[in-house]
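Here is how the chains run, residue by residue.
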Protein chains: 2
Amino acid sequence: MSKILRVNMSNLTAKFEDVPDKYKFLGGRGLTSAITCDEVPPTCHPLGPNNKISFAPGIVTGSGAPTAGRLSVGCKSPLTGGIKEANAGGIAADKLARIGIKAIIVEGQPKEKGKFQVLKVTKDGAELMPAAAEWVGKGLYETYPKMFKKFGEKTGIISIGVTGEMLMAMSGICVNDPEGRPSRYAGRGGVGAVMGSKGLKAIVVDDTGGSSIPLANKEAFDSGRKKLTAALQQHDITKPGGTLNTYGTAALINVINEAGALPTRNFSEGRFEGAAKISGEMIKETCEKRGGVGETGHRGCTGCIIQCSNVYPKEDGTELVSCQEYESVWSFGADCGIDSLDVTGELIRLCNDYGLDTIEAGVTMGVAMEAGLAKFGDGKKAIELMHEIGKGTPLGHILGGGAALTADTFGVIRCPTVKRQSMPAYEPRPIKGIGVTYATSTMGADHTSGYMIAPEILGVSGKMDPASSGMEKAEASRNFQYATAFIDTSGHCLFIAFAILDIPSGMEGMVEECNGVLGTNWTVDDIGRIGGDIVKRERAFNEGAGFTKVDDRIPEFMKYEKLPPHNVVYDVADEVLDKVHNP
Amino acid sequence: MSKILRVNMSNLTAKFEDVPDKYKFLGGRGLTSAITCDEVPPTCHPLGPNNKISFAPGIVTGSGAPTAGRLSVGCKSPLTGGIKEANAGGIAADKLARIGIKAIIVEGQPKEKGKFQVLKVTKDGAELMPAAAEWVGKGLYETYPKMFKKFGEKTGIISIGVTGEMLMAMSGICVNDPEGRPSRYAGRGGVGAVMGSKGLKAIVVDDTGGSSIPLANKEAFDSGRKKLTAALQQHDITKPGGTLNTYGTAALINVINEAGALPTRNFSEGRFEGAAKISGEMIKETCEKRGGVGETGHRGCTGCIIQCSNVYPKEDGTELVSCQEYESVWSFGADCGIDSLDVTGELIRLCNDYGLDTIEAGVTMGVAMEAGLAKFGDGKKAIELMHEIGKGTPLGHILGGGAALTADTFGVIRCPTVKRQSMPAYEPRPIKGIGVTYATSTMGADHTSGYMIAPEILGVSGKMDPASSGMEKAEASRNFQYATAFIDTSGHCLFIAFAILDIPSGMEGMVEECNGVLGTNWTVDDIGRIGGDIVKRERAFNEGAGFTKVDDRIPEFMKYEKLPPHNVVYDVADEVLDKVHNP
């Protein structure tokens, strides 16, 4: 029987509780969002004593299902002021599931600031201990090895960096990859700051003696696993030697640039003249040319059969960073006018080291450049600014607060955020549907909450005209948002979406895996209902926090500034946006 | 016939328009709020091309009515994100009225940033001209004399300081006093940043050849003026030799401190051990002791018969600043733990010089001290931090963004703001009714939008128990908010409220003055209706900007942190707050 672990940071207790019936069929995002809705007052201060932060593996995590090692983190976001779920790969979620932990809820707040605890969880129990001085205030590339030395090299460590300790609203929560790197992030929405506000530096998961999660219906599970595995191995995007495995996610750089929708120099243009130099193709070429540790098709997460990660080498073949993926390469690359993978690699490495969301950090850098703090394209200065963040200087605190805070501080109007969260690497002006998702997601601007790029650009799950502003975009975004909430709850990586949207048996496989674990009899037709319930609950939280339809909007400047090369504004009517969640 | 002057900063035109019928019976706040509601999209970026900023003298301004020289400034606020009206004394409003200007509306935005224009208005017309280099980027104590040299010593100058040029959200708009000092401010809500975003450095008003505004009913006006004058000269607070004339507004320091409601060290205590040293009594004593230019009972605004201002001298008798008034002395004094009038005087002088709202600046300083940027009580460091603002360093930009931005940047939870605007000098925990006003004002936390201190502490307009949290506070706050909107529309200083609330003929006098100017037949019974219409319109704008009842709340920390010495939390029920505007 899995348990919920409740950790109180006011009195430093950690107690196991039975899983209430209402949470039995939930996991991942569905579970963390339910906990946030049930236990967090929507109007509380995100960094105050009344917020709570919860961690949950997905429904099938720990079962041996393919590409299903996601860890969801939920809380009220200090970045958006609304509900937040951010999820990470790496190895910790699988381990948590294998020792029977359905969720960890961290509540309360220590009286004294700046003191940190570490929570160790094993098959036999949980224990809080003061963080050693050498684990705090340092970069994670230094801290992780020290924690492995103390707790064992095979532990999964869920940790904040110095920026989370300093309560910065762009700080994420790190999980190590199978080789121990601090490289996989529940990045978005400032979850790291919330963990920091609790005085919790890290959760160390030792699954010694643990085992695969129990199956209520082994037959259903096995059938589902086979179907999903087959679909993933068959689809061009996810198969071995397919797009993601060969080039990583940065394969999208050239595609989206070609579409005129690669946000460039703080969302002032849609095409970057240096795109080819930061593309997935160039990553692969460089890895091959430089050799050494260089590797594409790298596995970053437990049980993943897609393996989209990479290890990017320096010129001498030693490791610069793992990994250079699309969003990160774009945010520090095109959006900052920087056309060097060595520079983006260093900036990503610093994000991993300081504990930052690469999307928010890169977009913030673009806003900072617009504010005159650096010239577009000046990688040296961008690296200096990143160090300001790590050092926690006043300027670092501004940037560490994210793009919206930076724009507010310097009076920058061109601020590409929704609900104060930075937009990812797809310009909504030429691709209207992804803008519908950005505007109406419960999470703030977030491509992963309803990936309209699939039909609008990639031709996955049918084709839609990216330039169309019609009501069909509302319906499609809604369907994507609901399906995504289900996938995020199942524990699978969102990248299974390509295969399951195009291959019906893959979709069935995902549902059957869940049935196998839970003993339910869900069908593919239940996905929308279950995902929809999660999204509706999240929206109710946001409404309680004061959100209205005014918050479901694309920034004003995109409505009057034409984006080259297509010279289009964002012209999806408010009525379309409002229809997404009021069908 | 008075006119509206419409200034377009995109194409640098200034054109006169007839006053539409709907604006005929409005002035001051009623007029600027109507213009904002009619012409500004509530969701626009406050510093973008779609915001507009308007300036309007009150209904009776320029008529010779007593203490009626207020200038209202209206726009969408970059501080609160809602509607804003801030009003100032000084001499400019009277001059505008005397040359027949009902309102100035400034719209559009220059393409090039950092270039500023000056608008000169006379009886004969209006003209935009590039601001001389020596008027920009300098302190206002340096700039005003240079502008007087160019435009004449008797002009009224409405100007932003460097912080408005730099678009800082705590920047106000300055008006000179009768002796030419840059000392009277439309301070709140970042109106200076909006003027700056328009590229407009100053409006110079030369009323040569102007005359008193026409009267539709001279008899009514004269009767009203006499009644109001008599009431002001009779009431203990406003009469010659009365409280305000003798000690200035800082007479309140000891009173509010005694009540345990003087916010101290960033709203962590309600009583300041150094209160006596920064009191109105001490200001008077120091002025007398040091001699020289020292003066209380100083007249800061055209036609004022209360004369609450002062000129505070340095030890050698030369001028430090005019003036040290309650809010400013408190914000830099008690709220920063500073017990020296020489230090508060210097900080206020810097606010005047840099173009800042003293309430927002002082409260921000308190939050900065809480964040560890200075120790409470460290006046030297506070002055250094103020210079950071003036210089526009990154730290200066944080502080210049106000208390809420500073708190967000450094993760400070104890942030005493409502709608992101700093609370003034009355703690809502022991004085519940002023908290009802703070929470529900259309303006953000603002004592002047419904001064519940009158009945709760001063015994003006009856007496209410400050500790009571009952529904009667909702009704009283509503009545105060409505009556205030009327006074702000009439053009009178809010300080007439003491006399007109206690002396019925004074209230009649104010209304008769308005009838005399407008030819209306309003009675005292119309005040609530007229003021209420203004407030309701402002609330509709805020609703359009995305405000909900969640925004009508006191900060969460005040609900769980007990304030010494009375050890009380803010316990007015949400239902009471919601009742204010939904009776």
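The notes below deal with the structure included here. By convention here, each chain's residues receive numbers from 1 onward along its written sequence. Think of it this way: whatever chain is written first is A, whatever ligand is written first is 1, and the rest follow in order. A pLDDT threshold of at least 70 governs which residues receive local features in this predicted model, and a stricter bar of 80 or more applies before side-chain atom pairs are shown or counted, although totals over entire chains, interfaces and linings include all residues. In computing side-chain properties, one takes all heavy atoms of the structure into account and sets aside hydrogens as well as water.

Notes on unusual backbone geometry
Residues and elements named next belong to chain B. The cut-off we apply is this: Secondary structure elements are defined from DSSP: runs of H or I of at least 4 residues count as helices, runs of E of at least 2 residues count as strands, and each element is numbered from the N terminus. Categorising residues by exposure relies on relative accessible area from a 1.4 Å probe, with only protein chains included: less than 20% of the type maximum marks a residue as buried, more than 50% marks it as exposed, and the intermediate range marks it as partly exposed.
Along the chain, Ser-322 connects to Cys-323 via a cis peptide bond; the corresponding omega equals 0 degrees. With respect to the secondary-structure elements, Cys-323 resides in the loop between strand 15 (319-321) and helix 10 (326-332). The omega angle of the peptide bond from Pro-564 to Pro-565 is 5 degrees, so this bond is cis rather than trans. Structurally, Pro-565 can be placed in the loop between helix 22 (557-560) and helix 23 (574-580). You will see that Leu-12, though not glycine, has its phi angle at about 55 degrees, which is positive. Looking at the element boundaries, Leu-12 is found in the loop between strand 1 (3-8) and strand 2 (13-18). Overall, Leu-12 belongs to the partly exposed group, its relative accessible area being 41%.

Overview of the pattern of salt bridges
Stated precisely, the cut-off is as follows: By salt bridge we mean one thing: a side-chain nitrogen of Lys or Arg within 4 Å of a carboxyl oxygen of Asp or Glu.
If you walk through the whole model with that rule in mind, you get 88 salt bridges over all chains. With a shortest N-O distance of 3.2 Å, Glu-508 of chain B and Lys-227 of chain B are connected by a salt bridge. With Glu-508 of chain B in helix 20 (residues 504-518) and Lys-227 of chain B in helix 6 (residues 218-234), this pair connects stretches of sequence that are 281 residues apart. You can call Glu-508 of chain B partly exposed: its relative accessible area is 33%. Asp-552 of chain B is the salt-bridge partner of Lys-419 of chain B, the closest N and O atoms lying 2.7 Å from each other. Of this pair, Lys-419 of chain B sits in the loop between strand 16 (417-418) and strand 17 (421-422) while Asp-552 of chain B sits in the loop between helix 21 (526-544) and helix 22, placing them 133 residues apart in sequence. There is no split in this pair, since Lys-419 of chain B and Asp-552 of chain B are both buried. The network of salt bridges with common partners includes Arg-6, Glu-17, Glu-39, Lys-52 and Glu-107 of chain A.

What to know about the relation of the copies chain A and chain B
What counts, and what does not: Least squares is the method for superposing the copies, and the C-alpha atoms it fits come from residues with pLDDT of at least 70 in both. Residue contacts follow a heavy-atom distance rule, with two residues in contact if any of their heavy atoms lie within 4.5 Å.
In the superposition of chain A on chain B (RMSD 0.0 Å, axial shift 0.0 Å), the rotation amounts to 180 degrees. With respect to symmetry, the two chain copies, as superposed, fit the operation of a two-fold axis. Most of the interface of chain A is mirrored in chain B, where 100% of its interface residues are also at the interface.

Observations concerning the sheet that holds strand 1 of chain B
Residue and element names in this part refer to chain B. Note the cut-off: Two strands are said to pair when DSSP picks up at least two bridges between them. What counts as an axis is a line fitted to C-alpha atoms, over the stretch in contact for a helix, and the angles between N-to-C directions run from 0 to 180 degrees.
The strand order across the open sheet built from six strands is 2-1-6-3-4-5, with neighbouring strands paired in mixed fashion. Lying at the two open borders of the sheet, with one neighbouring strand each, are strand 2 and strand 5 (83-88). On average, adjacent strands in this sheet sit at an angle of 20 degrees to one another, irrespective of strand direction. Looking at chain direction, strand 4 (residues 71-76) and strand 5 are connected through six bridges and run antiparallel. Bridged to Cys-75 within strand 5 is Lys-84.

As for the interface of chain A and chain B
Here is the rule: Once two parts are brought into contact, the accessible area they lose, counted with a 1.4 Å probe and summed over both, makes up the buried area. Between N or O atoms, a polar contact is any pair within 3.5 Å; within protein, one atom must be a potential hydrogen donor and the other a potential acceptor, and residues adjacent in sequence are included only when both atoms are from side chains.
Contacts between the two partners involve 28 residues from chain A and, on the opposite side, 28 residues from chain B. Here chain A packs against chain B, burying approximately 2,400 Å² in sum over the two surfaces, 64% of which is carbon and sulfur. Summed over the shared surface of chain A and chain B, the number is zero salt bridges. Inspection of the chain A/chain B interface yields six residue pairs in polar contact (both at pLDDT 80 or more). Within the residue set of the side of chain A that touches chain B, elements represented by two or more residues are helix 14 (394-400) and helix 15 (403-410) of chain A.

Quick look at the pairing of strand 8 (residues 125-130) of chain A
Residue and element names in this part refer to chain A. Examined bridge by bridge, strand 7 (residues 117-122) and strand 8 share six bridges and lie antiparallel to one another. By the bridge assignment, Val-118 is partnered in strand 8 with Met-129. Taken together, strand 7 and the strand that follows it, strand 8, pair antiparallel across an intervening segment of two residues.

Concerning the packing of aromatic side chains
Where we set the bar: Between 30 and 60 degrees the pair is tilted, below 30 it is stacked and above 60 it is edge-to-face, where a pair is any two Phe, Tyr or Trp rings, Trp via its six-membered ring, whose centres lie within 6.5 Å. Lysine and arginine charges are scored as sitting over a ring when NZ or CZ, respectively, is within 6 Å of the ring centre and within 35 degrees of the ring normal.
Scanning all chains against the criterion turns up 16 aromatic pairs over all chains. Between the aromatic rings of Tyr-426 of chain A and Tyr-451 of chain A, the centroid separation amounts to 5.6 Å while the plane-to-plane angle is 80 degrees, which identifies the pairing as edge-to-face. Pair noted here: Tyr-426 of chain A is in the loop between strand 17 (421-422) and helix 16 (432-440) and Tyr-451 of chain A is in the loop between helix 16 and helix 17 (453-458), with a separation of 25 residues, a long-range link. Of the two residues, Tyr-426 of chain A and Tyr-451 of chain A, neither departs from the other in class, the shared state being buried. Clustering of aromatic rings is evident, with ring pairs tying together Tyr-326, Tyr-426, Tyr-451, Phe-495 and Phe-498 of chain A. The side chain of Lys-150 of chain B reaches across the aromatic face of Phe-151 of chain B, ending 6.0 Å from its centre.

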